[in-house]
Amino acid sequence: MAHNLYLGMYTYSVKKKRTRNASIIDNNDFLELAYPSVSDNKFSNGFVQEIISLLDAKAYKNSQNTHGAMLDDYKIDQTERTLDILIDGGLTGIKQFIIDDEGTKSELSDEDIVGPKFFARFWMPAGTKTVYVFIQKYGSMSIKPIFDSIVYDLLDKHGFSITDKLKATTTKKRLNTFLKNAALKNITVVSTSGLNATGEAEASTVEVKLRNFKALKKTDKLTDVSNIKEALKKHGFTMGNRKYDIKGTYEYSHDGINEERTVKLDATEETINIIPNIVIPPYCIDSDNYPIFDEMIKLVIDEMKQVKIEAKM
């Protein structure tokens, strides 16, 4: 495979727009309020059809004009309330070039959309206040901005908004597997005064990476700031009385693919916010390094099963 393919899971919740102290509403209530004229299956004939119309009529671009996409294929499961889509999508808004093996360069317009195929799934389970969006990417190449824009456009039309942007999430099972098998590669200490505080009377910013962890005492879930200070002292450094960002880089190898995750470590928090990717296995990828639509659907169904178990759906 030329590129590693991953699948990210995101969530959002809906509330009434321009309403003071608006509370999050149930998915069923959203469908009832947003599509009062749709008499039969408001998910399939209302919500889904709007998404399809955005992507199918012509090339869809987000408001920032950084990403674009067009529908290639889709499947609807009315029982589970899922929409699976395969889109041709990628970057737009910048002049790009195609360079062949001989070095010949062809210029593309900044109106063109350049990119491969992507798989995604919308899942709106009944009786909950959470909508799930699964988005496939190539390494770090993601088209999540397309889905941020689709959700915004669709909800705004009906007088709704989301409580926040689409948030990356994962199952507890996947997170526990990551923490169990991941190794803490290094810790970075950065002064929160700013990396470029040139106006200060004296240097007040520093970035230090610790790679020798024999000096660090780890708790079950995070590395205490006081232990990091002790480790720095042993290397001849002293942390001043100012605020610092402490970040840990975790390294994890699975299915022959090495991944790194850098996350903030906070001694006052109970958890570490790590969102490991779902590695897409080879049987879900075709000879062009594109996701195979039907196999991706099966893969996401397995992930949904775990979500249902943990959420007690």
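Within every chain, residues take consecutive numbers counted from 1 along the sequence as written. Two thresholds apply to this predicted model, a pLDDT of at least 70 for residue-level local features and 80 or more for giving and counting side-chain atom pairs, whereas whole-chain, interface and lining totals are computed over all residues. Only hydrogens and water are set aside; all other atoms, that is, all heavy atoms of the structure, feed into the side-chain values.

### Some thoughts on the packing of helix α2 (residues 42–56) against helix α3 (residues 144–157)
Note the threshold: Lines fitted to C-alpha atoms define the axes here, with helix axes fitted over just the stretch in contact, and angles between the N-to-C directions of these axes take values from 0 to 180 degrees. Secondary structure follows DSSP: runs of H or I at least 4 residues long count as helices, runs of E at least 2 residues long count as strands, and numbering of each begins at the N terminus. Roughly parallel refers to an angle under 35 degrees, roughly antiparallel to one over 145, roughly perpendicular to one between 65 and 115, and oblique to any angle outside these ranges. Helix crossings get a hand from a simple test, with the near helix turned counterclockwise from the far one by less than a right angle marking a left-handed crossing and a clockwise turn marking a right-handed one. Should any heavy atoms of two residues lie within 4.5 Å, those residues are counted as being in contact. Here the nonpolar group is Ala, Val, Leu, Ile, Met, Phe, Trp, Tyr, Cys and Pro; Asp, Glu, Lys and Arg are the charged ones; every other residue, Gly included, is treated as polar.
It is at 11 Å that the axes of α2 and α3 come closest, and there the two elements cross at 125 degrees. As far as their axial angle goes, α3 and α2 are oblique. Relative to α3, α2 is oriented so that their crossing is right-handed. Counting all contacts with α2, which are made through F47, E50, I51, L54 and L55, the residues of α3 involved are I150, L154 and K157. A class-by-class count of the residues in the contact of α2 with α3 yields six nonpolar, no polar and two charged.

### Here we look at the pairing of strand β6 (residues 82–91)
To be explicit about the condition: Relative accessibility thresholds used throughout: buried, under 20% of the residue-type maximum; exposed, over 50%; partly exposed, between the two (1.4 Å probe, protein chains only). Any two strands are treated as partners once DSSP identifies two or more bridges connecting them.
In terms of residue burial, β6 counts as a mostly covered element, since eight of its 10 residues are buried. Across 10 bridges, the pairing between strand β5 (residues 67–77) and β6 is antiparallel. Within β6, the residue paired with A69 across the bridge is G89. Where β5 folds back on β6, the antiparallel hairpin that results is connected by four residues, among which R81 adopts a positive phi of roughly 60 degrees.

### Some points on the sheet that holds strand β11 (residues 160–162)
Here three strands make up an open sheet; going across it, the order is β3-β2-β11 and the pairing antiparallel. Both edges of this open sheet fall to β3 (24–25) and β11, since each of them pairs with a single strand only. Helix-sheet contacts for α3 involve β2 (14–16) and β11, and the interaxial angle to β11 is about 150 degrees.

### Remarks on the packing of helix α1 (residues 27–34) against α2
A pair of packed helices is captured by two measures, namely the crossing angle of their axes and the spacing between those axes. Taken N-terminus to C-terminus, the directions of α1 and α2 make an angle of 75 degrees; their axes are 10 Å apart at the nearest point. If you check the angle between α1 and α2, you find them roughly perpendicular. Side by side, α1 and α2 meet where F30, L31 and E32 of the first sit next to K42, F43 and F47 of the second. Within the contact of α1 with α2, the residues separate by chemical class into four nonpolar, no polar and two charged.

### A few points about the nonpolar core
Note the cut-off: Within this scheme, the nonpolar core is defined by two criteria: the residues are buried Ala, Val, Leu, Ile, Met, Phe, Trp, Tyr or Cys, and they are joined through side-chain atoms within 4.5 Å.
Residues Y12, F30, F47, L55, I87, F122 and F147 are the most contacted members of the largest nonpolar core, which totals 57 residues. Ignoring anything within four residues of it in the chain, the contact list for Y12 reads F47, K129, T130, V131, V133, V151, L155, I162 and L166. The next biggest cluster of nonpolar side chains, apart from the first, holds 10 residues, and it includes L184, V189, Y250 and I274.

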